[in-house]
Amino acid sequence: MAGALRQLTARPGAAARGAAARRGGLLQFAPALALALFLAPVAAGLLGTALPAFDYLPALGGTAFGLAAWRALLAWPGLGDSLALTLTSGLPATILSFAIVVGFLAACHGTAPLRLVQRLLAPLLAVPHVALAIGFAFLIAPSGWILRLLSPWATGWQVPPDVALVQDPHGLALAAGLVVKETPFLLMMTLAALERGDARERLAVARSLGYGPVTAWLKTVLPAVYPQIRLPIYAVLAFSLSVVDMALILAPATPPPLAVLVFRWFGDPDLTLRFAAAAGAVLQLAVVIGCIAGWHGAERLVAALGRRWARAGGRGGPGIAARRLWGGLLLLLQATAGLSLLALALWSVTRRWRYPDALPSEWTLAAWWRQDDALLWAGSTTLTVGLAATLLALALVLACLENEQRNGLTAGSRALWLLYLPLLVPQVSFLFGVQVLTVRLGIEATWLAVVWTHLLFVLPYVFLALADPFRALDERYARSAFCLGASPDRVFWRVKMPMLLRPVLVAFAVGFAVSVAQYLPTVFAGGGRHPTLTTEAVALLGGADRRVIGVYAFLQALLPLAVFAVALTLPTRGAARRAGGRQR
Amino acid sequence: MTGRGDTPRNAPGNAPGNAPANTLELRGVGLRLGGRDLFRPLDLAVAAGEVATLMGPSGCGKSSLLAFLCGTLDPAIRAQGRILLDGAEIGRLPPEKRRIGILFQDDLLFPHLSVAENLAFGLPPALRGRRARRARIEAALEEADLAGFGARDPATLSGGQRARVALMRTLLAAPRALLLDEPFAKLDVALRARMRRFVFAHARAKSLPTLLVTHDPADAEAAGGPILEIGAFDGDGNAAAATAVRGRDRTAPAAG
């Protein structure tokens, strides 16, 4: 897409122009189509949210610009607390996730713990936020599994203690949940960046100069890797500061974090609150922009200090303690995620689980069988929306990449920003505007609107998963196929696709997992008429018992995991060998 | 013999008498990849100030052998044999404790650091004080004919200049042996001869046992030390013995 986007601005060379004219076809419209489907809603959404923030929303009688919305927002008594909560959960979560990824890779580059962690990475990435947050709450709550395992022999408690371990006033539970969820993503992006670079050589040089492994990594590899993971870090920062679904589960309800407050106002029966909500959405965007700018400033400071540190020549030690600490910390995070899932599964088959028993005393599948059509309905919507959005994204991404290759375009780094846009802009800051857009187009609250909104978030991830393998494919295969008389289309379907089967399937699994995880887009675009497992699981939190929540949340986690398992095992051995050989 | 005529400046600390009598010794060193010997185990002793050359076709494991000596061998390759530096076994030490400097085909100057900072990166922290460190770096730049280049971005330097900086960075770390992994291959022919002289002269001045890997016979010729060829296979597909082909009798350590 990056290169594809560029095509709109860059003039292709004469040769490329000739080729494009000769090949023609629908392919050349792929970038424009992707742009229209992908960026237009973001732009329209931001506008549609910003206008009501300044009192303009004709549908609700706002026909003149003004500052009433802002006055209403600023007059809200809990606003300060909400803002503080947003910052105390979002900032530590991002800093900690980043520190853990850097500490772990610096300490464990090329060691056995890294290989173990890598193997567990894909399934963890596939787990949706909501399922993870619910499982995490089941794990750490006062009546959660961890305290049940420790009670009464270690704690002496016969009843759950009265402390706010979940929904604590500073949002630390939310921060912890975010760290569990975001660290694998950052780790995966950093590992991909390491694959592309010359980390091995840099480390070899530094160590032959006498540097210990950890210091060598921090002084020579990190400066090369950081620019490549900058956007993912900003995405994590933006997400952590504006997350709604996980905050509904792990953050306090009064006052809630800013994003949750805004989300509630948007859904309030009192329609006049829409204006304050829009102003809050703009404030949320400002908070994210401000924090990204602050992080950017900190980057410069740290880079300057780092150069000084490199100049001083300190060699560092063998890093054995660091390896234990960071390796242990990362495995602990992964174990937490695994136990969270297990807690969901356990609750879904529990008949009786008295506090402080370590395990249920009576088991049953009743919670599964008792679910009526609602579960089936939510499950099938999740499935159809996920499949449609992912297939659409896959087609667009492949068309853009193929177009880029046929026209000899190269990807610009600035274009990557466009790709990340839906991940950097807080969802609450533009989804209301998207909703307005779907009303204008007459598709409000339709299945199609849900698919389209999911596409905004699925597409970037599919692109990220596919771009590297696609571009890394040795172009001599295609060239020799051309020389054998094959048409470009034939080369694409008969040469490139079979060789890229595995990455395409993985990208599909990634996209599907992203779609399954979407909460806010489903609520805004579906208007409550297209409940998915995700929205149902969140809705159930209010009253239903843990068994039912366990069923929904576990099924929500199971779907993407199953797709991942299929994607990784489906290619025949021959196809796997063909695909694997090209990408190391 | 291009390399032998040069009389290198004597760096402080290398005056006769207290010159470290380093010897790099390989005893029965062999590499196996996927159950196949890359070459038959070889024995080799490189005296202080001597430049030994290892030749062989690409893929025969020359670079892997250097990685093994450095301690950065790919775990997929199984190694055997002992490495001795000045009589002490170093094969079990982590790379950073071996004090073996290496130069690669690419200069691998860190692009995020300036020229002077790259050199400072090599300078041990034991040399304290900003002024002392800067003075040592200035001296190194001057030695490399690069006085005044300290603040430059390595990317703005020519290939030959970058190669010289890379050598100075390696030497500032005070290694006890030097490995050269085809460091001249990417330089053009005219530059290559000058760079060879520059590197060999410094290695001899510091009395470093030096092992050069190359497939350019001119490199081997200029090194003036013993030449080994490895990786030639006999009819049964077994690695032939590493053979010291020539040169041992002809060239004594030049700096001696």
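Residues numbered from 1 in each chain as written. Chains lettered and ligands numbered in written order. Predicted model: local features only at pLDDT ≥ 70, side-chain atom pairs only at ≥ 80, totals over all residues.

**Observations concerning the overall build of chain B**
Link 1 in the chain: Helices and strands together make up the secondary structure of chain B, namely seven helices and ten strands.
Link 2 in the chain: For chain B, the proportion of its 256 residues judged to be buried stands at 46%.
Link 3 in the chain: In chain B, once contacts between residues fewer than 6 apart in sequence are set aside, the share between residues at least 24 apart is 73%. (Helix = DSSP H or I, 4+ residues; strand = E, 2+ residues; numbered from the N terminus. Buried ≥ 20, exposed ≤ 12 C-beta atoms within 10 Å, placed from the backbone. Contact = placed C-beta atoms within 7 Å.)

**So, the overall build of chain A**
Link 1 in the chain: A count of helical and extended segments in chain A gives 27 helices and two strands.
Link 2 in the chain: With the principal axes as the frame, chain A shows a C-alpha extent of 75 × 65 × 55 Å.
Link 3 in the chain: Considering chain A as a whole, with its 584 residues, one finds that 50% of them fall into the buried category.
Link 4 in the chain: Considering only intrachain contacts with a sequence separation of at least 6, the fraction spanning at least 24 residues in chain A is 81%.

**Let's talk about the pairing of strand 3 (residues 51-55) of chain B**
Residues and elements named next belong to chain B.
Link 1 in the chain: Buried residues dominate strand 3, accounting for five of its five residues.
Link 2 in the chain: Alternating positions in strand 3 separate into two faces, Val-51, Thr-53 and Met-55 on one and Ala-52 and Leu-54 on the other, with burial throughout.
Link 3 in the chain: Bridging between strand 3 and strand 8 (residues 210-214) involves five bridges; their strand directions are parallel. Looking across to strand 8, one finds that Thr-53 is bridged to Leu-212.
Link 4 in the chain: The pairing of strand 3 with strand 9 (residues 227-229) spans three bridges and is parallel. Bridge pairing in strand 9 links Met-55 to Glu-229. (Pairing = 2+ DSSP bridges.)

**Remarks on the interface of chain B and chain A**
Link 1 in the chain: Taken together, the contact between chain B and chain A spans 23 residues of the former and 21 residues of the latter.
Link 2 in the chain: Contributing elements (two or more residues each) for the side of chain B that touches chain A: helix 2 (95-98), strand 6 (100-103) and helix 3 (115-122) of chain B.
Link 3 in the chain: Tallied by class, the residues present in the side of chain B that touches chain A amount to 15 nonpolar, five polar and three charged. (Nonpolar A, V, L, I, M, F, W, Y, C, P; charged D, E, K, R; others polar.)

**Examining the confidence of the model for chain B**
Caution is warranted with low-pLDDT regions, since their predicted coordinates should not be read in detail.
Residue and element names in this part refer to chain B.
Link 1 in the chain: Looking at chain B, the pLDDT average stands at 83 and 82% of residues meet or exceed 70.
Link 2 in the chain: Every residue in residues 1-20 scores below 50 in pLDDT, and together they form 32 contacts with partners more than four places removed in sequence or on other chains.
Link 3 in the chain: pLDDT under 50 marks residues 234-256. Its contacts with residues more than four places away, or in other chains, come to 43 contacts.
Link 4 in the chain: The complex model carries a pTM of 0.86, and its ipTM stands at 0.78. (pLDDT = per-residue confidence, 0-100.)

**Section: the nonpolar core**
Link 1 in the chain: By size, the foremost hydrophobic cluster in this structure holds 253 residues, and its most contacted members are A:Ile134, A:Leu250, A:Val397, A:Val462, A:Ala509 and B:Leu119.
Link 2 in the chain: For this core, the leading source of residues is helix 20 (residues 447-472) of chain A, giving 17 residues.
Link 3 in the chain: Residues in contact with A:Val462, not counting those within four places in the same chain, are A:Thr390, A:Ala393, A:Leu394, A:Val397, A:Ala507, A:Val510 and A:Gly511. (Core = buried A, V, L, I, M, F, W, Y, C linked by C-beta atoms within 7 Å.)

**Concerning helix 19 (residues 427-440) of chain A**
Residues and elements named next belong to chain A.
Link 1 in the chain: Compared with an ideal rise of 1.5 Å per residue, which puts 14 residues at 20 Å, helix 19 spans 20 Å between its outermost C-alpha atoms and is within 8% of the ideal.
Link 2 in the chain: Along helix 19, twelve of the 14 residues are buried, which leaves the element largely enclosed by surrounding structure.
Link 3 in the chain: Three or more residues of helix 19 are buried, namely Gln-427, Val-428, Ser-429, Phe-430, Leu-431, Phe-432, Gly-433, Val-434, Gln-435, Val-436, Leu-437 and Thr-438.
Link 4 in the chain: Turning to helix 19, the residues buried within the fold contact helix 3 (30-53), helix 11 (213-242), helix 13 (258-266), helix 14 (273-312), helix 20 and helix 24 (520-526). (Expected span 1.5 Å × (residues − 1).)

**Examining unusual backbone geometry**
Link 1 in the chain: For the bond running from A:Ser151 to A:Pro152, omega is -10°, close enough to zero to count as cis.
Link 2 in the chain: Here A:Pro152 lies in the loop between helix 8 (145-150) and helix 9 (172-196).
Link 3 in the chain: Looking along the chain, the bond that leaves A:Tyr355 and enters A:Pro356 is cis, with omega of 0°.
Link 4 in the chain: When you line up the elements, A:Pro356 lands in the loop between strand 1 (350-352) and strand 2 (362-363).
Link 5 in the chain: Positive phi, normally seen in glycine, also occurs at B:Ala174, with a value near 55°.
Link 6 in the chain: Along the chain, B:Ala174 falls in the loop between helix 5 (159-172) and strand 7 (177-181).
Link 7 in the chain: Although it is not a glycine, B:Glu182 adopts a positive phi angle of roughly 45°.
Link 8 in the chain: Here B:Glu182 is to be found in the loop between strand 7 and helix 6 (189-205).
Link 9 in the chain: By C-beta crowding, B:Glu182 is classed as buried, having 20 other C-beta atoms within 10 Å.

**Thoughts on the environment of A:Ile292**
Residue and element names in this part refer to chain A.
Link 1 in the chain: By the secondary structure assignment, Ile-292 is in helix 14.
Link 2 in the chain: Take Ile-292: there are 18 C-beta atoms within 10 Å of it, and that puts it in the partly exposed class.
Link 3 in the chain: The spacing of Ile-292 and Leu-424 is 132 residues in sequence and 9.4 Å in space, taken between C-alpha atoms.
Link 4 in the chain: Setting aside anything within four residues of it in sequence, one finds Ile-292 in contact with Tyr-234, Leu-237 and Ala-238.

**As for the pairing of strand 8 of chain B**
Residues and elements named next belong to chain B.
Link 1 in the chain: Counting buried residues along strand 8, five of its five residues qualify, which places the element largely inside the surrounding structure.
Link 2 in the chain: The alternating pattern of strand 8 places Thr-210, Leu-212 and Thr-214 and Leu-211 and Val-213 on opposite faces, both of which are buried.
Link 3 in the chain: Bridge count between strand 7 and strand 8: four bridges; the pairing is parallel. By the bridge assignment, Asp-181 is partnered in strand 8 with Val-213.
Link 4 in the chain: Following the backbone out of strand 7, through helix 6 and into the adjacent parallel strand 8, one traces a crossover that is right-handed. (Right-handed = clockwise from strand over helix to strand, strands pointing away.)

**Re the sheet that holds strand 1 (residues 24-33) of chain B**
Link 1 in the chain: With antiparallel pairing, four strands are arranged side by side in an open sheet as 2-1-4-5 (chain B). Only two strands of the sheet have a single neighbouring strand rather than two, namely strand 2 (36-46) and strand 5 (88-89) of chain B.

**A look at the environment of B:Val189**
Link 1 in the chain: Mapped onto the elements, B:Val189 comes out in helix 6.
Link 2 in the chain: For the pair B:Val189 and B:Pro75, spaced 114 residues apart in the sequence, the C-alpha separation amounts to 36 Å.

**So, the packing of helix 14 of chain A against helix 3 of chain B**
Think of two packed helices as two axes; the pair is described by the angle between the axes and how far apart they sit.
Link 1 in the chain: Relative orientation of the contacting elements helix 14 of chain A and helix 3 of chain B amounts to 50°, with a least axis distance of 6 Å. Here helix 14 of chain A lies oblique to helix 3 of chain B, going by the angle between them. Contacts from A:Arg307, A:Ala310 and A:Arg311 in helix 14 of chain A reach B:Glu117, B:Ala120 and B:Phe121 in helix 3 of chain B.
Link 2 in the chain: Among the residues forming the contact of helix 14 of chain A with helix 3 of chain B, the class breakdown is three nonpolar, no polar and three charged. (Axes fitted to C-alpha atoms, helices over the stretch in contact; angles between N-to-C directions. Parallel < 35°, antiparallel > 145°, perpendicular 65-115°, else oblique.)

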